[in-house]
Amino acid sequence: QWEVRAIEAAPHMLRDGLDLALLRAPHGTLQPGDRLLFEEQVFPVCSPSLGLDGTPEALLKVNLLQEEVTASPGKEWPTWLALLGLGRGARANMVHFSSFNGAIGAASAGAGVALGRSPLVDLDLASGRLVRPFGDLARTGSWDVVLRRRPGAERDRHVGQLERFLL
């Protein structure tokens, strides 16, 4: 019997009866045996229609689209304004969104600049719907995506096949 579940908290593999888990883990908290699939990268993104020239001062003339985040300074505009040399107190027009998707959707539509996260925006960048106005400038995000196996013997050979596919 196969089962796929979406859960919020990090699983206890044995207690929860899981063979394999694909999960978000706080950056830098890999457990023994975890396999890092990728680290989240955070960087400004916007529609090419904004025509930003890559200077930090240009951010003060457009909307900064801010998703609601908790304890993730790298995903907050004050952190990025300071990083770009404008200072945490720079006067910018902030528009708040309750979700990442809302902020990215508004950025794609030309409403301002959002803080994108790779790999979540990679397809939008590849298609040209979004651009990175500051080039390769990025910060490591607060999450890693990891693959975690049940400790001990493999219960089903298909688990190993799925793991190899995901890796």
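For the structure, see preceding data.
Read on for a plain summary of the structure. (Residues numbered from 1 in each chain as written. Predicted model: local features only at pLDDT ≥ 70, side-chain atom pairs only at ≥ 80, totals over all residues. Heavy atoms only, no water.)

### As for the environment of Leu166
Link 1 in the chain: Mapped onto the secondary structure, Leu166 falls in helix H4 (residues 157-166).
Link 2 in the chain: On a C-alpha basis, the gap between Leu166 and Leu37 in space is 8.4 Å, while along the polypeptide they are 129 residues apart.
Link 3 in the chain: When sequence neighbours within four positions are dropped, the list of residues in contact with Leu166 reads Leu20, Leu37 and Leu147. (Helix = DSSP H or I, 4+ residues; strand = E, 2+ residues; numbered from the N terminus. Contact = heavy atoms within 4.5 Å.)

### Here's the deal with the environment of Leu36
Link 1 in the chain: Residue placement: Leu36 occurs in strand E2 (residues 35-46).
Link 2 in the chain: Separated by 19 residues in the primary sequence, Leu36 and Gly17 have C-alpha atoms spaced 22 Å apart.
Link 3 in the chain: With residues up to four places along the chain from it excluded, the contact list for Leu36 reads Leu30, Asp144, Val145 and Val146.

### Quick notes on the pattern of salt bridges
Link 1 in the chain: Scanning the model with the defined rule gives 6 salt bridges in all.
Link 2 in the chain: Among the ionic pairs, Lys75 bridges to Glu40, the shortest N-O distance being 3.4 Å. Here the residue Lys75 occupies a position in the loop between strand E3 (63-67) and helix H1 (77-83), and Glu40 occupies one in strand E2, the gap between them amounting to 35 residues.
Link 3 in the chain: Its relative accessible area of 7% is what places Lys75 among the buried residues.
Link 4 in the chain: Looking at Glu40, the relative accessible area reads 8%, which means it is buried.
Link 5 in the chain: One continuous salt-bridge network, built from bridges that share partners, spans Glu40, Glu67, Lys75 and Arg117. (Salt bridge = Lys/Arg side-chain N within 4 Å of Asp/Glu carboxyl O. Buried < 20%, exposed > 50% of the residue type's maximum accessible area, 1.4 Å probe, protein only.)

### What about H4?
Note on helix geometry: an α-helix contains 3.6 residues per turn, so any two residues three or four positions apart are oriented the same way.
Link 1 in the chain: Every buried residue belonging to H4 is among Val159, Gly160 and Glu163, and all of these are buried. Burial along H4 is one-sided: seen end-on, the buried residues are contained in an arc of 100°. Counted as exposed and oriented over 90 degrees from the buried face of H4: Arg157, Arg164 and Phe165.
Link 2 in the chain: In this structure, the buried residues of H4 make contact with strand E1 (20-26), E2 and strand E6 (139-149). (Arc of directions from axis to C-beta.)

### Examining the sheet that holds E6
Link 1 in the chain: Within the open sheet, the 6 strands sit side by side as E1-E6-E2-E5-E3-E4. Their pairing is mixed. A strand with exactly one partner marks an edge of an open sheet, and here the two such strands are E1 and strand E4 (93-97). Pairwise comparison of adjacent strand axes, ignoring direction, gives a mean angle of 30° for this sheet.
Link 2 in the chain: Sheet analysis places E3 next to E4, joined by 5 bridges and oriented parallel. Of the residues in E4, the one forming a bridge with Leu65 is Val95.
Link 3 in the chain: Sheet strands in contact with helix H2 (residues 100-108) are E2, E3, E4 and strand E5 (113-118), and its direction is about 120° off that of E5. (Pairing = 2+ DSSP bridges. Axes fitted to C-alpha atoms, helices over the stretch in contact; angles between N-to-C directions.)

### Quick notes on the nonpolar core
One recurring pattern in soluble globular proteins is that nonpolar side chains are buried together.
Link 1 in the chain: Counting residues in hydrophobic clusters, the biggest one holds 12 residues: Val42, Cys46, Leu59, Val62, Leu64, Trp77, Trp80, Leu81, Leu84, Val113, Leu115 and Phe134.
Link 2 in the chain: Elements represented by at least two residues in this core include exactly E2, H1 and E5.
Link 3 in the chain: Per-element accounting of this core gives the leading share, 3 residues, to H1. (Core = buried A, V, L, I, M, F, W, Y, C linked by side-chain atoms within 4.5 Å.)

### So, a nonpolar patch on the surface
Link 1 in the chain: Where nonpolar side chains cluster on the molecular surface, the patch consists of Leu22, Leu162, Phe165 and Leu166 and spans about 400 Å² of accessible area.
Link 2 in the chain: Residue contributions to the nonpolar patch peak at 3 residues, all from H4.
Link 3 in the chain: Among the secondary structure elements, Phe165 is positioned in helix H4.
Link 4 in the chain: On the accessibility criterion, Phe165 (67% relative accessible area) is exposed. (Patch = residues over 30% accessible without salt bridge, like charges linked within 9 Å, V, L, I, M, F, W, Y side chains within 5 Å. Areas by Shrake-Rupley, 256 points an atom, 1.4 Å probe, with all protein chains shown as cover.)

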